[in-house]
Amino acid sequence: MIIIQWTIAILIAFLAGKAVSKLKLPAILGWLIAGILLGPHAFSLITDKLIDASWYQTVIHILECAVGLMIGTELVWSKIKSYGKALVITTLTQSLGTFLFVSAVFAVTFKIAGAPVYLAFVLGGIALATAPAPALSIVNEFKTKGPVTQTLIPMAALDDMVGVAVFFTTIAVIARHLSGGGMPLYMVPVMIFLPLLIGVLTGVPTGFLLKKTEKKETTLLILILGIVLTSVIGILCNTYLMPSPILNFMLMGMAFSTAFSNMVSADRLENIVKDFNPILGVSMIIVILNLGAPLDYHAIYNAGLYTFIYIIARALGKYFGARAGAKATGLDSNVQKYLGLTLLPHSGVSLVFTGIAVSVLANSSPECVRIIQGTVAAAAVINEIIAVMAAKKGFELAGELKNS
């Protein structure tokens, strides 16, 4: 029955995406709203029992790995080498700029309110990360093409790595400060580089196999087996090597596909992407549906001043951080003006980071846990709906929508 309900939920999300598309809005908005309404906080077609099931989490991890192919197949060295230095600098300015700005704003706010100031850095660490799937789904749906798209796709991968590094370093330092323990600092580079290593180890042999065949059926079989193998290795590492299951499966999929994308010819890669697109489309719907399901729309009613400060401060940090980096490195004027709008989606990463922060601080600082949960839970719902529309508007203003 649970599987039947999940299948119905996926179908409803698909139809909701089609309906929203008729209004010239991105289909992801329909998938996201369907997830919120069908999740455990509303109609419960997607239940907590399903979300917590190990088989369901395994499927989601495999599909997240599959979605990573959308990033990796664009990370061909011949394409991105001209963006190298500018891309890295812009990623750092928008990521670290958001962390510093949100942290500074909340440091002042908490000082006035009498709350622990170190909590500002936890919120800053949560705020800096970007959830790439929403913006990438818009790229996929509207076939966006241009400087903003070309900058965003590789930046999604770099942003994940910076986000993981800053957040976990911050949490580790705060945990040590509060309890003398916490996560070892050496785990931070492990969390960044282990997914990349796993992806490369499976992506290289996949590349050799893809070079030996051009049949569509064989290509899809090789890709599916490679994605499943990559995910299984990631799950085993999450289970037996990590202190908690925190490895990024989209990052694994990106590294996996980057490896084989740089081994095949441009024409072969184009055909691989074309063959895989239907699977990518289904994966996107399910991943976004899963992203929306845990969001509690009731949190909107409980949104307080902290929530709105968080949303506004994060948006300003992302937008002006991206703009400053792009301008300083001489990127295209449209990238300078509109890249920041495409970086606003946030929920999936924010909820994962929030859960980790809560588990670390639960015993030593329960009052901080309530502030974090209340602030980010409400922001996740409000920000995500606004951010999806803002991201689409960014592509539109940049003149990169081809299928609107």
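Keep in mind it's a predicted model, so treat the numbers as computed, not measured.

Here we come to the overall build of the chain. Secondary structure assignment for the chain yields 18 helices and zero strands. Compactness check: the chain gives a C-alpha radius of gyration of 20 Å against a globular reference of 22 Å for 404 residues, within 12% of the reference. With respect to the three principal axes, the spread of C-alpha positions in the chain is 65 × 55 × 45 Å. Counting across all 404 residues of the chain, residues that qualify as buried make up 56%. In the chain, the proportion of contacts linking residues at least 24 apart, taken out of those at least 6 apart, comes to 82%. Surface accessibility of the chain: about 17,000 Å² in total, with carbon and sulfur atoms responsible for 68%. Counting 26 positive and 18 negative side-chain charges, the chain places the centres of these two groups 5 Å from one another.

Attention shifts here to the side chain of Ser 283. Structurally, the position occupied by Ser 283 is in helix α14 (residues 266-292). What makes Ser 283 buried here is its relative accessible area of 2%. At a separation of 2.8 Å, a polar atom in the side chain of Ser 283 contacts the main-chain carbonyl oxygen of Ile 279. In this structure, Ser 283 is in contact with Leu 63, Ala 66 and Val 67, ignoring residues within four places of it in sequence.

Looking now at the pattern of salt bridges. One pass over the structure, following the stated rule, counts two salt bridges. The residue Asp 159 makes a salt bridge to Lys 318 at a minimum N-O spacing of 3.6 Å. Placement of the pair is Asp 159 in helix α10 (residues 147-179) and Lys 318 in helix α15 (residues 305-328), with a sequence separation of 159 residues. Residue class for Asp 159 comes out buried when judged on its relative accessible area of 1%. Given a relative accessible area of 0%, Lys 318 falls into the buried group. For Glu 396, the salt bridge is made with Lys 393, and the minimal N-O distance between the two is 3.4 Å. Highlighted residues: Glu 396 and Lys 393, both in helix α18 (residues 366-397), separated by three residues, approximately one helical turn.

Inspection of the entire model under this criterion finds one cavity of 30 Å³ or more. Volume-wise, the largest cavity comes out at about 50 Å³. Lining of the largest cavity is provided by Thr 130, Pro 132, Ala 135, Leu 136, Leu 152, Met 155, Ala 156, Asp 159, Thr 342 and Leu 343. If you list the elements that add at least two residues to the lining of the largest cavity, you get α9 (132-142) and α10. Broken down by element, the lining of the largest cavity gets its largest block of residues, four residues, from α10. Of the residues assigned to the lining of the largest cavity, the class counts are seven nonpolar, two polar and one charged.

Turning to helix α8 (residues 118-127), a few remarks are in order. Of all ten residues in α8, nine are buried; the element is thus mostly enclosed. Looking at α8, one finds that the buried residues are Tyr 118, Leu 119, Ala 120, Val 122, Leu 123, Gly 124, Gly 125, Ile 126 and Ala 127.

Our next topic: the packing of helix α2 (residues 27-38) against α14. Between α2 and α14, whose axes approach to 7 Å, the crossing angle comes to 45°. Classed by the angle they form, the pair α2 and α14 counts as oblique. Where α2 crosses over α14, the handedness of that crossing is right-handed. Together, Ile 28, Trp 31, Leu 32, Ala 34, Gly 35 and Ile 36 of α2 and Met 284, Ile 285, Ile 288, Leu 289, Leu 291 and Gly 292 of α14 make up the contact between the two elements. A breakdown of the residues in the contact of α2 with α14 according to their chemical character gives ten nonpolar, two polar and no charged.

Now for the packing of aromatic side chains. Taken as a whole and assessed by the stated rule, the structure comprises ten aromatic pairs. A centroid spacing of 6.1 Å and a plane angle of 90° characterise the contact between Trp 55 and Tyr 56, whose relative ring orientation is edge-to-face. The class for Tyr 56 is buried, based on a relative accessible area of 1%. A ring pair is formed by Phe 106 and Tyr 306, whose centres lie 6.3 Å apart and whose planes are at 70°; its orientation type is edge-to-face. Taken as a pair, Phe 106 in helix α7 (residues 84-113) and Tyr 306 in helix α15 lie far apart in primary sequence, 200 residues in all. Phe 106 sits in the buried class, given a relative accessible area of 0%.

What follows deals with the confidence of the model for the chain. On average, residues of the chain carry a pLDDT of 87, and 95% of them reach 70 or more. Across the chain, element-level confidence peaks in helix α12 (residues 216-240) with a mean pLDDT of 95 and bottoms out in helix α6 (residues 77-80) with 72.

Here we take up helix α1 (residues 2-22). For α1, which comprises 21 residues, the first-to-last C-alpha distance of 31 Å matches the rise-based estimate of 30 Å (1.5 Å per residue) to within 8%. Trp 6, Ala 9, Ala 13, Gly 17 and Val 20 are the residues of α1 that are buried. Each buried residue of α1 lies within a common arc of 80° when the element is viewed along its axis, so the set occupies one face. In α1, the exposed residues that point more than 90 degrees away from the buried face are Ile 4, Leu 11 and Lys 22. If you follow the buried residues of α1, they end up packed against α2, α3 (48-52), α4 (54-67) and α14. With its phi angle positive at about 65°, Lys 24 sits one or two positions after the end of α1.

Parameters at a glance
Per chain, the residues get numbers from 1 upward, laid out in the order the sequence is written. Where local features are concerned, this predicted model is filtered to residues with pLDDT of at least 70; where side-chain atom pairs are given and counted, the filter is 80 or more; whole-chain, interface and lining totals use all residues. Water and hydrogen atoms were dropped before computing side-chain values, which therefore reflect all heavy atoms in the structure. Each helix is a run of H or I in the DSSP string that is no shorter than four residues. Each strand is a run of E no shorter than two, and both are numbered from the N terminus. Taken over C-alpha atoms, the radius of gyration is set against a globule rule of 2.2 Å times the number of residues to the power 0.38. Here the term buried applies to any residue with accessible area under 20% of the maximum for its type, exposed to any over 50%, and partly exposed to those in between, with areas from a 1.4 Å probe on protein chains only. It only takes one pair of heavy atoms within 4.5 Å for two residues to be counted as in contact. In short, Shrake-Rupley with a 1.4 Å probe defines the accessible areas, and a residue's cover is counted only from the protein chains shown. Charge counting treats Lys and Arg as positive and Asp and Glu as negative, with His and both chain ends excluded. By convention, charge coordinates are those of NZ in Lys, CZ in Arg, CG in Asp, or CD in Glu. Pairs of N or O atoms within 3.5 Å make up the polar contacts considered here, provided that, within protein, one atom can donate a hydrogen while the other can accept it, and that residues adjacent in sequence are counted only when both atoms are side-chain atoms. A side-chain nitrogen of Lys or Arg and a carboxyl oxygen of Asp or Glu constitute a salt bridge if their distance falls within 4 Å. Note on definitions: the grid is 1 Å and covers protein atoms alone; a cavity is a set of points where a 1.4 Å probe fits but cannot get out; a pocket is an open set with protein on both sides within 12 Å along at least five of seven lines; lining residues have an atom within 4 Å of a point. Grid points are joined across faces, edges and corners, and a volume is the space filled by probe spheres set on the points. Polar here means any residue other than Ala, Val, Leu, Ile, Met, Phe, Trp, Tyr, Cys and Pro, which are nonpolar, and Asp, Glu, Lys and Arg, which are charged; Gly is therefore polar. Angles here are taken between N-to-C directions and fall from 0 to 180 degrees, while the axes themselves are lines fitted to C-alpha atoms, restricted in helices to the stretch in contact. Note on angle classes: values under 35 degrees are labelled roughly parallel, values over 145 roughly antiparallel, values of 65 to 115 roughly perpendicular, and the remainder oblique. Handedness of a crossing is defined here by the sense of rotation of the near helix relative to the far one, left-handed for an anticlockwise turn of less than a right angle and right-handed for a clockwise turn. For this analysis, a ring pair means two rings from Phe, Tyr or Trp (six-membered ring only for Trp) whose centres lie within 6.5 Å, classed as stacked if their planes differ by under 30 degrees, edge-to-face if by over 60, and tilted for the remaining angles. The predictor reports its confidence for every residue as pLDDT, a score running from 0 up to 100. The length a helix should cover is 1.5 Å for every residue beyond the first. Regarding the arc, it is the one traced by the directions from the helix axis to the C-beta atoms.

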